[in-house]
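In case you want the letters, here they are:
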Amino acid sequence: MQAVHVITGRGVPLRRSDVDTDQIIPSDWLKRVERTGFGEGLFSEWRESSDFVLNQSRYHGANVLVAGPNFGTGSSREHAVWALQDYGFAAVLSSRFADIFRNNSTKTGLLAITIPQDVIERIWEALDDDPATEIVIDVEQRRVAVPSLGIDVSFPLDDFTQHRFLNGLDDVGLTLQHDTDIAGYERTRAAWMPRVTAS
């Protein structure tokens, strides 16, 4: 997982609420055994409609999804997060996230940032008018800013999750911080027991 301090970029206005994980990445994509290539399946059923926002060239290359409330509901599938990241999104802004989606995002380095709905709607309007509108997400300061709109709001982020993002620590990275203790423990185990060895 890459460390994340500040994300500066452009947004895509997804004016839909209650977007579930099956809409983010339809179930027929779950047959893949790799963790890559899911970007092609992101919102694939909606992308069949020519006017869907991701089909609009003016939003190509944007790295922040600005979504409606209750984003990421439904079944727990890491594939939804992988699809968003593989497509190129580094963050999702919403006024409310499903807990499971937020947890999956935290573990893979996708920022799921909660800000008020009225701020989301102001950003939507700005992106409709000017897709080049700059969005700045500062993980260290826990703030989202849209300088051209005078928006600068805080967002909730617990200290541990902030630490994970700032230091690029997924679950494996967190475990490896204790590699000396693990190695010491392995040396004390009986020789006949299974053991962890360095590769």
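Here goes a summary of the coordinates provided. (Residues numbered from 1 in each chain as written. Predicted model: local features only at pLDDT ≥ 70, side-chain atom pairs only at ≥ 80, totals over all residues. Heavy atoms only, no water.)

### Brief notes about the packing of helix α3 (residues 99-108) against helix α5 (residues 159-167)
Thought 1: One way to put it is that α3 packs onto α5 with a least axis distance of 9 Å and a crossing angle of 35°. Seen from α3, the contacting residues are S105, T106 and K107; seen from α5, they are T161, R164 and F165.
Thought 2: For the contact of α3 with α5, the residue count by class is 1 nonpolar, 3 polar and 2 charged. (Axes fitted to C-alpha atoms, helices over the stretch in contact; angles between N-to-C directions. Helix = DSSP H or I, 4+ residues; strand = E, 2+ residues; numbered from the N terminus. Contact = heavy atoms within 4.5 Å. Nonpolar A, V, L, I, M, F, W, Y, C, P; charged D, E, K, R; others polar.)

### Concerning the packing of helix α2 (residues 78-87) against α3
Thought 1: The N-to-C vectors of α2 and α3 enclose an angle of 55°; their axes lie 9 Å apart at closest approach. Classified by the angle between their axes, α2 and α3 sit oblique to one another. Note on packing geometry: the crossing formed by α2 with α3 is right-handed. Contacts between α2 and α3 pair E78, A80, V81, W82, L84 and Q85 from the former with F101, N104, S105 and T108 from the latter.
Thought 2: Per-class residue counts for the contact of α2 with α3 are 5 nonpolar, 4 polar and 1 charged. (Parallel < 35°, antiparallel > 145°, perpendicular 65-115°, else oblique. Left-handed = near helix turned anticlockwise from the far one by under 90°.)

### Focus: α5
Thought 1: Buried residues of α5: T161, Q162, R164, F165 and L166, and no others.
Thought 2: On its buried side, α5 packs onto α3, β5 (111-114) and α6 (171-176).
Thought 3: Of the residues one or two after α5, G168 is the one with positive phi, at around 65°. (Buried < 20%, exposed > 50% of the residue type's maximum accessible area, 1.4 Å probe, protein only.)

### A closer look at the sheet that holds strand β1 (residues 6-9)
Thought 1: Pairing is antiparallel across the open sheet formed by 4 strands, whose spatial order is β1-β6-β7-β8. The sheet terminates laterally at β1 and β8 (151-154), the two strands that pair on one side only. Strand-to-strand twist across the sheet, computed as the mean angle between neighbouring axes with direction ignored, equals 10°.
Thought 2: Two strands pair when backbone bridges link them, and β1 and strand β6 (residues 135-138) are joined in this way by 4 bridges, in the antiparallel orientation. What sits directly across from T8, in β6, is V136.
Thought 3: Packed onto the sheet, helix α4 (residues 117-129) meets β6, β7 (143-146) and β8 and runs at close to 150° relative to β8. (Pairing = 2+ DSSP bridges.)

### Digging into a negative patch on the surface
Thought 1: On the surface, a cluster of negative charge is contributed by D118, E121, E125, D129 and D130.
Thought 2: Structurally, D118 can be placed in helix α4.
Thought 3: Since its relative accessible area comes to 51%, D118 is described here as exposed. (Patch = residues over 30% accessible without salt bridge, like charges linked within 9 Å, V, L, I, M, F, W, Y side chains within 5 Å. Areas by Shrake-Rupley, 256 points an atom, 1.4 Å probe, with all protein chains shown as cover. Salt bridge = Lys/Arg side-chain N within 4 Å of Asp/Glu carboxyl O. Lys, Arg positive; Asp, Glu negative; His and termini not counted. Charge placed at Lys NZ, Arg CZ, Asp CG, Glu CD.)

### Side note on the pairing of strand β4 (residues 91-94)
Thought 1: Here β4 shows two buried faces, one formed by A91 and L93 and the other by V92 and S94.
Thought 2: With 3 bridges connecting them, strand β3 (residues 64-67) and β4 associate as parallel partners. Following the sheet pairing, V64 is matched in β4 by A91.
Thought 3: Remark: the β3/α2/β4 crossover connection has right-handed handedness. (Right-handed = clockwise from strand over helix to strand, strands pointing away.)

Everything listed is a geometric property; what it means functionally is a separate question.
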